[in-house]
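Architecture and fold: a report
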There are 2 protein chains.
Amino acid sequence: MGQSEDRLRRLLEDELEECCEADVEHRMGELEQVADRADRVVHTDTAVLGVLSNETRLLLVRALDTAGRELCVCELEALADVSESAVSHALSDLANVGLVTREKRGKWRYYNATERATAILSTLDETRPRGENA
Amino acid sequence: MGQSEDRLRRLLEDELEECCEADVEHRMGELEQVADRADRVVHTDTAVLGVLSNETRLLLVRALDTAGRELCVCELEALADVSESAVSHALSDLANVGLVTREKRGKWRYYNATERATAILSTLDETRPRGENA
DNA sequence: CAAACATATGAATAGCTCTTCAACTATCAT
DNA sequence: ATGATAGTTGAAGAGCTATTCATATGTTTG
């Protein structure tokens, strides 16, 4: 923290005109609190976001969400332009982080988007910049 | 589509007991519609999610969001455990996909989380499974 | 139970990504 | 202008990831 503390002190001198040691300490403390809170969830969140950040996987959740009903693996395979195996891997990954659920019925396996997945997709839709889709 | 159409037909035979050619056609059409809608936004969305799915970058947006005010690069550097350069790259990536804004004042550069970023983080928080954080 | 079918899993590799180092631009003070 | 400071950028390599092929598992049908 030594070097970065120096720079932070100079920043505060610029921002606050006059600033004493207490100001620096206070600001450093504030930052540490911010860091602590942020750190706590970042690791698990990157796992979820990492799974969603792949075209094959995102397409599959989107399809489940758009369909609004459970879809069989063979239906999903018809949508994605990759191998059967890739779809299976993708669905496993999605299930592992809680973005889809699976249910087995006979020899068919059905998947559904979870509430979490639906919520994330909605947020993306609702906040999408103008002119970024159709 | 040939092979996957066969399997889809067998699925429908299972699900609907009796099913005629029209049923298959209908279901295939439904799927194509689902695929079209899904496809449209998947590409741009993976870009955003890909940027968020890295610990360094997610930590930085989280910090900006938690702080609730603009932060200077030197403040952000104090939070992330990587090089100055890595932080700069991370912030650029975030800015490029519209998750943070930048403003230059004097020799300091200030970043802020966008509404979109804030919305996504909120959704993650609100839908986080029990016991996955503190 | 043997064969066909639906899906999952493991290993392997090609391609992408993250971080770092080094060099660069821009701003301010002297 | 010179030097110091704040931040950015490009290149490069180690490491991660996505897809595929081959194989395995579980399920229904003859």
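What counts, and where the lines are drawn
- Residues numbered from 1 in each chain as written.
- Chains lettered and ligands numbered in written order.
- Predicted model: local features only at pLDDT ≥ 70, side-chain atom pairs only at ≥ 80, totals over all residues.
- Heavy atoms only, no water.
- Phe/Tyr/Trp six-rings, centres within 6.5 Å; stacked < 30°, edge-to-face > 60°.
- Lys NZ or Arg CZ within 6 Å of the ring centre and 35° of its normal.
- Contact = heavy atoms within 4.5 Å.
- Buried area = accessible area lost by both parts, 1.4 Å probe.
- Salt bridge = Lys/Arg side-chain N within 4 Å of Asp/Glu carboxyl O.
- Polar contact = N/O pair within 3.5 Å; in protein donor to acceptor, adjacent residues only side chain to side chain.
- Helix = DSSP H or I, 4+ residues; strand = E, 2+ residues; numbered from the N terminus.
- Nonpolar A, V, L, I, M, F, W, Y, C, P; charged D, E, K, R; others polar.
- UniProt positions renumbered as here; feature names shortened; annotations may be inferred.
- Near = heavy atom within 4 Å.
- Pairing = 2+ DSSP bridges.
- Axes fitted to C-alpha atoms, helices over the stretch in contact; angles between N-to-C directions.

The subject of this paragraph is the packing of aromatic side chains. According to the stated counting rule, one finds 0 aromatic pairs over all chains in the structure shown. Positioned above the aromatic ring of Y110(A) is the side chain of R105(A), whose terminal nitrogen or guanidinium carbon lies 4.2 Å from the ring centre.

Take the interface of chain B and chain A next. With 57 residues of chain B at the contact, the number on the chain A side is 57 residues. Carbon and sulfur atoms make up 66% of the area that chain B and chain A hide from each other, which totals about 5300 Å². When the buried area of chain B at its contact with chain A is split by residue, R7(B), L49(B) and R116(B) rank highest and sum to 12% of it. On the surface where chain B and chain A come into contact, there are 12 salt bridges. In this structure, R7(B) and E77(A) form a salt bridge, with 2.5 Å as the shortest nitrogen-oxygen distance. Joining chain B to chain A, the criterion identifies 23 residue pairs in polar contact (both at pLDDT 80 or more). When contributions to the side of chain B that touches chain A are tallied by element, the ones reaching two or more residues are α1 (2–16), α2 (21–52), α3 (55–67), β1 (71–72), α4 (73–79), β3 (108–113) and α6 (115–126) of chain B. Across the side of chain B that touches chain A, the residue classes break down as 27 nonpolar, 11 polar and 19 charged.

This paragraph deals with the UniProt feature "domain: HTH arsR-type" (unreviewed entry) in chain A. Using the residue numbers shown here, the UniProt feature "domain: HTH arsR-type" (unreviewed entry) corresponds to residues 37–132 of chain A. Spanning residues 37–132 of chain A, this segment combines 64% helix with 15% strand, and its end C-alpha atoms are found 32 Å apart.

Further remarks concern the protein's contact with DNA strand C. Taken together, 26 residues surround DNA strand C, and among them E84(A), S85(A), S88(A), Y111(A) and S85(B) come closest. Counting only the atoms of DNA strand C that lie within 4 Å of the protein, the sugar and phosphate share comes to 73%. For DNA strand C, a sugar or linking oxygen lies 3.3 Å from a polar atom in the backbone of K107(A). The separation between a phosphate oxygen of DNA strand C and a polar side-chain atom of Y111(A) is 2.7 Å. Secondary-structure elements contributing two or more residues to the surface near DNA strand C are α4 (73–79), α5 (84–96) and β3 (108–113) of chain A together with α1, α3 and α5 (84–96) of chain B. Considered class by class, the residues forming the surface near DNA strand C number 7 nonpolar, 10 polar and 9 charged.

Bringing the sheet that holds strand β2 (residues 100–105) of chain A into the picture now. Residue and element names in this part refer to chain A. Strand order in the open sheet formed by 3 strands is β1-β3-β2, and the pairing between neighbours is antiparallel. What marks the edges here is a single partner per strand, and that holds for β1 (71–72) and β2. As paired elements, β1 and β3 share 2 bridges and run antiparallel to each other. Within β3, the residue paired with L71 across the bridge is Y111. Packing against the sheet, helix α3 (residues 55–67) makes contact with β1, β2 and β3, and its axis sits at approximately 80 degrees to β3.

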